[in-house]
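# Secondary and tertiary structure notes
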Amino acid sequence: MRVSMRKRSVRSAGPRQNKWKGARASQIADAQQQAHRTKLLVRVRRALRVSGWIVGLAAAAWAVLASSREMGPVLQRWLEIREIQIEGIHHVTKQDVLDKLALKPGLALNQISASYLAERARSHPWIKEASVERRPPHTLHISVLERTPAAVVRTGSDHWLSDETGAVLGRLGAQDDVTLPLLTGVDAKLLAQGNARMRHTVQSAVTLARLMAHTMDGRVELDLTHPSNFVASTKGLRFQFGDDALVDQWDRFQKVKASLKTAAFEGKKREGSEVDLRYDNRVIVRERG
C-alpha cells in the first residue's frame, strides 16, 4: 500500500500586513467616497448647464428665424429701392449704367452687394472707377469716374476712341473731340481683344503725341504699322522714330531744333520735310528738292 505524501507549500516570507481597520481607516474611506460623489455631482451640474445653453441658443435661433420670416416682407417694404442716383456721368447715360447693374424690381437695400454692383458698373468701357452707397430708406447712390479720351484710332473706315492706357472706349461720335491725335496702322482684331502688346503700343503713341503737341502746331498723326519705327506727322512735317525710348528721341530733337535753319522750321513751306531720329548720334533733316 502506497501512501502519497504531498509537499506542503510554503508562503514566501515578507513584511506582515496589518489587515485590521480602525476608526482612522474608516474616516479616510468615507472622505474618499464623499470626494467621488462631489466630483460626480460637479460633472452632472456642468452637463446640465451646457445642455441648458444649447437649448437656449436653439430657442433663440428659432425665435430669430420666426421673427425674420414675419419681419422679412415688412423690412423689404421699408428698404425697397425706389430711387437710383448716378453722378459723374458725361459720355455714359444713366440707362447705360442701369443696364450694367441689371437690378430686379422690388429689391431692397439690404438685398444687394455694393461691391458687386460697383464691379458691374466698371465693366462698362467708359467707366474707370465706381462706388455704390446705400442711403436708407429708399435711395441707391452711385458715383462713377469716366475715362478720358486721349486719341482717335482709325482701323479701316472705322474710328475709335482710346484712353491713355490703350483701352477702347467706343466709336468716335459727332460730339467727340476730332483734334485728338490720330493713330493709324493698328490691328483692329488685337485692338478689340484688348491685346496687351497692342495696348502698350497705343499707350506709347499717346505719350509721344502729347510731347509733340507741346511744341508743334497742328494735329499729330502717328503710323503704328511698325512698332519699332513710329512715323509721326503734323502739317506735312514727318518724324521717324526708332527702337530707342521715344521720349529720349524727342528730347534729342528738342536740343538741336534751334540750330536747324531750314524752311521746315522757319515758318516756310513744310511739305515733304522729314526729321529722322532713329540714330543716337545725329539728327537727319530731309527736305523736298
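What this report covers is the structure whose coordinates are included nearby. Note that the coordinates shown come from a computational prediction; the quantities given were computed from them, not determined experimentally.

For the pair helix 2 (residues 94–101) and helix 3 (residues 114–122), the least separation of the axes is 8 Å and the interaxial angle reads 125°. Comparing their axes, helix 3 and helix 2 come out oblique. Between helix 2 and helix 3 the crossing geometry is right-handed. The residues of helix 3 that touch helix 2, namely those facing Asp-99, Lys-100 and Leu-101, are Leu-117, Arg-120 and Ala-121. Looking at the contact of helix 2 with helix 3 residue by residue, the classes come out as 3 nonpolar, no polar and 3 charged.

With that settled, consider helix 5 (residues 196–215). Here helix 5 is 20 residues long and its end C-alpha atoms lie 30 Å apart, about the 28 Å a rise of 1.5 Å per residue gives. Every buried residue of helix 5 is accounted for by Met-198, Thr-201, Val-202, Ala-205, Val-206, Leu-208, Ala-209 and Met-212. The distance from a side-chain oxygen at the start of helix 5 to the backbone nitrogen of Arg-197 is 3.0 Å, and the residue carrying that oxygen is Asn-195.

Every regular strand shows the same layout, with side chains that alternate between the two sheet faces. Across 5 bridges, the pairing between strand 4 (residues 151–155) and strand 5 (residues 158–162) is antiparallel. Counterpart to Val-152 in the pairing with strand 5 is Leu-161. Relative to strand 6 (residues 168–171), strand 5 runs antiparallel, the two sharing 3 bridges. Opposite Trp-160, over in strand 6, you have Arg-171 as the bridge partner. Where strand 5 folds back on strand 6, the antiparallel hairpin that results is connected by 5 residues, among which Gly-166 adopts a positive phi of roughly 90°.

Now for a negative patch on the surface. Residues Asp-243, Asp-244, Asp-248, Asp-251 and Asp-280 make up a contiguous surface patch of negative charge. Here Asp-243 shows up in the loop between strand 10 (237–240) and helix 6 (246–256).

Sheet architecture is open: 3 strands sit in the order 1-3-2, paired in mixed fashion. Lying at the two open borders of the sheet, with one neighbouring strand each, are strand 1 (83–87) and strand 2 (127–135). If you compare each strand with its neighbour and ignore which way they point, the axes differ by 20° on average. The pairing of strand 2 with strand 3 (residues 139–146) spans 8 bridges and is classified as antiparallel. Bridge pairing in strand 3 links Ile-127 to Glu-146.

Procedures and definitions
- Residues numbered from 1 in each chain as written.
- Predicted model: local features only at pLDDT ≥ 70, side-chain atom pairs only at ≥ 80, totals over all residues.
- Heavy atoms only, no water.
- Axes fitted to C-alpha atoms, helices over the stretch in contact; angles between N-to-C directions.
- Helix = DSSP H or I, 4+ residues; strand = E, 2+ residues; numbered from the N terminus.
- Parallel < 35°, antiparallel > 145°, perpendicular 65-115°, else oblique.
- Left-handed = near helix turned anticlockwise from the far one by under 90°.
- Contact = heavy atoms within 4.5 Å.
- Nonpolar A, V, L, I, M, F, W, Y, C, P; charged D, E, K, R; others polar.
- Expected span 1.5 Å × (residues − 1).
- Buried < 20%, exposed > 50% of the residue type's maximum accessible area, 1.4 Å probe, protein only.
- Polar contact = N/O pair within 3.5 Å; in protein donor to acceptor, adjacent residues only side chain to side chain.
- Pairing = 2+ DSSP bridges.
- Patch = residues over 30% accessible without salt bridge, like charges linked within 9 Å, V, L, I, M, F, W, Y side chains within 5 Å.
- Areas by Shrake-Rupley, 256 points an atom, 1.4 Å probe, with all protein chains shown as cover.
- Salt bridge = Lys/Arg side-chain N within 4 Å of Asp/Glu carboxyl O.
- Lys, Arg positive; Asp, Glu negative; His and termini not counted.
- Charge placed at Lys NZ, Arg CZ, Asp CG, Glu CD.

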